[in-house]
Structure formats: structure tokens, C-alpha cells
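# Inside the fold
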Amino acid sequence: QVQLVESGGGLVQAGGSLRLSCAASGRTFSRYGMGWFRQAPGKEREFVASINSSGGGTYYAATVKGRFTISRDNAKNTVYLQMNSLKPEDTALYYCAATDEDYIGIPVYTRNTYQYWGQGTQVTVSS
């Protein structure tokens, strides 16, 4: 099992930046694919970005591509989400997720792919 704890959320003005971190417990972090999802009030939880176990493969939602960057440091058991050019519509509770599945074509954008979830960190972007 793996436990996930997000941090780095906060209040920022439109156009600003934040970096979210997700610290994972356990000694097998490097075997997990990782993802970031977000949920705004009254909306479904949606995919933001993912990174495979080695860090060599990333995937982004169209709404954040070019503005957000996902990365990981397996030595620190941590995955990051660098968010630039933030918009008010990026306001949401951001969740980190982990999956122990690894195969070609894995649907990294689907919630059911991930077995482990953090509690979330709030990001609020003011206009």
C-alpha cells in the first residue's frame, strides 16, 4: 500500500504560479504510476496530469497542457505539479493518486485506474 499527502495549495492571483507536492509513504514508490486530479464545487473530479513509474511518460488534460508540468523524484518519494499561468477556472481541490498497474495503453485519465488517493489540497485562483 501507499499513503499520499498533498501540499502546496493556496490562494494566488490569475497569471500566478503554484507548485503542488505529493509525498508518498512506502519503499516501492518508483513502481507506481502517479496522477493529479481536481474537483471544483458542484463538478465531477477530473483528470489533470499523469506520469509513469519511471518519469519518462507524461500525459495532460487539454485544459492544462502547456501551463502545468508533472514531474517526480523517486529518491524523495514525491510527485510534483508545477502550475503556471493560473486561471480562475483552475480553482479546485487537487488530489494526488497512485496506481500499481502498468501496461501499454493504460487509461491514465480515468479515476478507476488509481487505487490510492490523497486527501487533497485547495487551490484558489482569484481574478
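Now for a quick tour of the structure. A quick note: this is a predicted structure, and the numbers were derived from the prediction, not measured.

Calculation notes
- Residues numbered from 1 in each chain as written.
- Predicted model: local features only at pLDDT ≥ 70, side-chain atom pairs only at ≥ 80, totals over all residues.
- Heavy atoms only, no water.
- Helix = DSSP H or I, 4+ residues; strand = E, 2+ residues; numbered from the N terminus.
- Rg over C-alpha atoms; globule rule 2.2 N^0.38 Å.
- Buried < 20%, exposed > 50% of the residue type's maximum accessible area, 1.4 Å probe, protein only.
- Contact = heavy atoms within 4.5 Å.
- Lys, Arg positive; Asp, Glu negative; His and termini not counted.
- Charge placed at Lys NZ, Arg CZ, Asp CG, Glu CD.
- 1 Å grid on protein atoms, 1.4 Å probe; cavity = no way out; pocket = protein on both sides within 12 Å on 5 of 7 lines; lining within 4 Å.
- Points joined across faces, edges and corners; volume = space filled by probe spheres on them.
- Nonpolar A, V, L, I, M, F, W, Y, C, P; charged D, E, K, R; others polar.
- Pairing = 2+ DSSP bridges.
- Axes fitted to C-alpha atoms, helices over the stretch in contact; angles between N-to-C directions.

Time to look at the overall build of the protein chain. Scanning the protein chain for helices and strands turns up 0 helices and 11 strands. Put simply, the protein chain runs from its N terminus to its C terminus through helices and strands in the order β-β-β-β-β-β-β-β-β-β-β. What you see for the protein chain is a C-alpha radius of gyration of 14 Å, in line with the 14 Å of a compact globule of 127 residues. Structurally, the protein chain occupies a C-alpha span of about 40 × 25 × 25 Å along its principal axes. The burial tally for the protein chain puts 45% of its 127 residues in the buried class. A fraction of 58% describes how many contacts in the protein chain between residues 6 or more apart in sequence connect residues 24 or more apart. Computing the positive centroid from 12 side-chain charges and the negative centroid from 9, the protein chain places the two 4 Å apart.

Of the voids in this model, the largest pocket is the one considered here, and its volume is about 260 Å³. If you trace the largest pocket, you find 19 residues lining it, with Ile51, Asn52, Gly57, Ile106 and Val108 closest to the centre. Sorting the residues of the lining of the largest pocket by element identifies β4 (33-39), β5 (46-51) and β6 (58-60) as the ones contributing at least two each. The class makeup of the residues in the lining of the largest pocket is 8 nonpolar, 8 polar and 3 charged.

The next point concerns the environment of Thr58. If you trace the backbone, Thr58 turns up in strand β6. Thr58 gets classed as partly exposed once you look at its relative accessible area, which sits at 41%. Taking the C-alpha atoms as reference points, Thr58 and Ser71, separated by 13 residues in sequence, lie 8.3 Å from one another. Setting aside residues no more than four positions away along its own chain, Thr58 makes contact with Ser50, Ile51 and Ile70.

Let us look at the pairing of β5. Taken across its 6 residues, β5 has 5 buried, putting it largely inside the fold. Across 5 bridges, the pairing between β4 and β5 is antiparallel. Its bridge partner being in β5, Trp36 is matched across the sheet by Ala49. Taking the residues between adjacent antiparallel strands as the criterion, β4 and β5 are bridged by 6 residues, where Gly42 takes a positive phi near 80°. Counting the residues between successive antiparallel strands, the hairpin from β5 to β6 contains 6 residues, one of them, Gly55, with a positive phi of roughly 90°.

Moving on to the environment of Tyr59. Turning to its location among the elements, Tyr59 is positioned in strand β6. Separated by 22 residues in the primary sequence, Tyr59 and Leu81 have C-alpha atoms spaced 12 Å apart. With residues up to four places along the chain from it excluded, the contact list for Tyr59 reads Phe47, Val48, Ala49, Ser50, Val108 and Tyr109.

This brings us to the sheet that holds strand β1 (residues 4-7). Spatially, 4 strands are ordered β1-β3-β8-β7 in an open sheet, and the strand pairing comes out antiparallel. Edge positions in the open sheet fall to β1 and β7 (68-73), since each of these has one partner strand only. Adjacent strand axes in the sheet meet at a mean angle of 15°, parallel and antiparallel pairs treated alike. In the sheet, β1 pairs with strand β3 (residues 18-24) via 4 bridges, with the strands oriented antiparallel. Following the sheet pairing, Val5 is matched in β3 by Ala23.

What is shown is where atoms sit, not what they do.
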